[in-house]
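These are the residues of each chain, in order.
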Amino acid sequence: MAHEEEIFAFLSKCYAKEDIKNIHNSPTNMDTTTTYLNTNNTTEILPLSYYISKSKLSSARKAEGIDLLSIPPKKLARLLTDLDILFISRINPTELVEYDGTPKKNHPNISYLKNKNTGLINFFSSFLRSAKNHKYFLRVMKHLKTLRNLNSLECISKAFRTQKLSQSITQEINKEADDSYFSLRQKVDFYSTEPEVFIYPFDFFLKDVEDSNLNINQEDAAERFCRLMEMLIFLQNNLKSERRLKNKYEHFFFYNIQKFIRGEGDAGEEVYENVEGAFLIL
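Residues numbered from 1 in each chain as written. Predicted model: local features only at pLDDT ≥ 70, side-chain atom pairs only at ≥ 80, totals over all residues. Heavy atoms only, no water.

1. Observations concerning the packing of aromatic side chains
As a reminder of what qualifies: Only Phe, Tyr and Trp rings are paired, with Trp represented by its six-membered ring, and only when their centres lie within 6.5 Å; those with planes under 30 degrees apart are stacked, over 60 edge-to-face, the remainder tilted. Under the scheme applied here, a residue whose accessible area is under 20% of the maximum for its type counts as buried, over 50% as exposed, and between as partly exposed, the area being computed with a 1.4 Å probe on protein chains only.
For the coordinates displayed, the defined rule picks out 14 aromatic pairs. Seen in terms of ring centroids, Y50 and Y51 are 6.3 Å apart; in terms of plane orientation they differ by 55°. Their pairing is tilted. Centre to centre, the rings of Y200 and F205 are 4.7 Å apart; their planes meet at 20°, and the pair counts as stacked. Assessed through its relative accessible area of 2%, Y200 is described here as buried. Ring pairing ties together the aromatic residues F123, F124, F127, Y136, F137, F252, F253 and F260, which thus form one cluster.

Written as structure tokens, this is what we have:
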């Protein structure tokens, strides 16, 4: 009994009560690495980490103590790419067929990835409040660009843009990632013509899916939707992480994403808001 109370107290740090009561009945993911929250629960934000799903509390606490800035920029870029692959690989194309931009219980994986992006942006923003950390994240962006990971690259760019920046830093950011719609459209179109796999900015991808679905009777929209589905399937078939995200880093990211989505982290005055399925929104 004491062990169950300890687990409940530990989970309370990250999850709403509505989430916690569904944990033991949550379905297990196909590859058994992650257990998802009950998809009938409208307060879901992220999957449960492996440590939480297996009640490995000691390992979870140790993972939560990881210092982000102690991770070399090149390694962090690789970890963020593995994290994106983890989420993208779970999306079923059928989830996108009726997607119109609003959260639905039958679109859990879409909501998970959108919330992951939002939480990461605010998590990174908390570090970018200090100018001494700017060069560290600029180096991470350079490595993400090399890895062709436009999704995490855009997340860091948005985190930077929540801060008051010097002109020189702004110029550096624009060199690595101009996240205007026109610029992103050009990048996606350019990368799409090359044989190498790339990770597209997912919020941008979903906006295209939403626009296509809302204009379903238009032939151009239907053709674009088919191309988007082909992109997703191609990405899932070709994105294979050389090193699967270790459980400690999975929990580290999930824990901090949850914390910043639920308003328990200090991201500064400018907070990026784009959370689905959460009662406590920043």
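2. Focus on the pattern of salt bridges
Stated formally: Every case where a carboxyl oxygen of Asp or Glu lies within 4 Å of a side-chain nitrogen of Lys or Arg is listed as a salt bridge. Numbering goes from the N terminus for both helices and strands, where a helix is a DSSP run of H or I of at least four residues and a strand is a run of E of at least two.
Per the counting criterion, the structure on display carries six salt bridges. A salt bridge links D82 to R78, with the shortest nitrogen-to-oxygen separation between them at 2.9 Å. Taken as a pair, D82 and R78 lie in helix 5 (residues 73-88) at a separation of four residues, close to a single helical turn. Residue classification places D82 among the buried residues on the basis of a relative accessible area of 5%. Look at R78 and you get buried, because its relative accessible area is 16%. Each of E154, K158 and D203 takes part in one network of salt bridges that share partners.

3. Here we look at the nonpolar core
Inside soluble globular proteins, nonpolar side chains tend to come together where they are buried. As a reminder, the rule being used: Remark: nonpolar core denotes a set of buried residues (Ala, Val, Leu, Ile, Met, Phe, Trp, Tyr, Cys) joined through side-chain atoms within 4.5 Å. Note on contacts: a residue pair is in contact if any heavy atoms of the two residues lie within 4.5 Å.
If you look at the biggest cluster of nonpolar residues, it comprises 64 residues, and the most contacted ones within it are F205 and F253. Excluding its chain neighbours within four sequence positions, the residues that come into contact with F205 are L96, Y200, L228, M229 and L232.

4. Observations concerning helix 13 (residues 247-261)
Put simply, the rule reads: Any helix carries an expected span of 1.5 Å times its number of residues minus one.
A rise of 1.5 Å per residue sets the reference length of helix 13, with its 15 residues, at 21 Å; its end C-alpha atoms lie 21 Å apart and thus fit the reference within 8%. Within helix 13, 12 of the 15 residues are buried, which leaves the element mostly enclosed by the surrounding structure. Within the sequence span of helix 13, burial applies to Y249, E250, H251, F252, F253, F254, Y255, N256, I257, Q258, F260 and I261. The first or second residue beyond helix 13 is G263, which carries a positive phi of 80°.

5. Observations regarding the confidence of the model for the protein
Rules: How sure the predictor is of each residue is captured by pLDDT, a score from 0 to 100.
On average, residues of the protein score 77 in pLDDT, and 75% of them are at 70 or above. When pLDDT is averaged over each helix and strand of the protein, the minimum, 47, is found for helix 2 (residues 17-20) and the maximum, 95, for helix 4 (residues 57-64). Counting interchain partners and residues more than four positions distant, the pLDDT-below-50 stretch residues 15-43 has 68 contacts. For the stretch residues 275-282, pLDDT sits under 50, and the model shows 32 contacts to residues farther than four places along the chain or on other chains.

6. With respect to unusual backbone geometry
Of note in this structure, S55 is not a glycine but carries a positive phi near 55°. Following the sequence through the fold, S55 ends up in the loop between helix 3 (50-53) and helix 4. Even without being a glycine, R148 presents a positive backbone phi close to 60°. In this structure, R148 sits in the loop between helix 7 (134-146) and helix 8 (150-160). Among the residues examined, R148 registers a relative accessible area of 14% and is labelled buried.

7. Structural notes on the packing of helix 7 against helix 9 (residues 167-176)
How we decide: Orientation is described by lines fitted to C-alpha atoms, with helices fitted over the stretch in contact, and by angles between N-to-C directions that extend from 0 to 180 degrees. Our angle categories are set so that under 35 degrees counts as roughly parallel, over 145 as roughly antiparallel, 65 to 115 as roughly perpendicular, and the remainder as oblique. Less than a right angle of anticlockwise turn of the near helix away from the far helix marks a crossing as left-handed, whereas a clockwise turn marks it as right-handed. Asp, Glu, Lys and Arg are counted as charged, while Ala, Val, Leu, Ile, Met, Phe, Trp, Tyr, Cys and Pro are counted as nonpolar; the rest, among them Gly, fall into the polar class.
At a minimum axis separation of 10 Å, helix 7 and helix 9 run at an interaxial angle of 15°. With respect to helix 9, the element helix 7 is oriented roughly parallel. Here helix 7 and helix 9 pass one another in a crossing that is left-handed. Only I169, E172, I173, K175 and E176 of helix 9 make contact with helix 7, whose side of the interface consists of H134, L138, M141, K142 and K145. Across the contact of helix 7 with helix 9, the residue classes tally to four nonpolar, one polar and five charged.

8. Considerations on the environment of T94
How we decide: Side-chain atoms alone can form a polar contact between residues adjacent in sequence; in general such a contact is a pair of N or O atoms within 3.5 Å, and within protein one must be able to donate a hydrogen while the other accepts it.
Examined against the element boundaries, T94 turns out to sit in the loop between helix 5 and helix 6 (108-128). Under the relative-accessibility criterion, T94 is labelled exposed at 57%. Separated by 135 residues in sequence, T94 and M229 place their C-alpha atoms 9.4 Å apart. A polar contact is formed between the side chain of T94 and the side chain of N92, at a distance of 2.9 Å.

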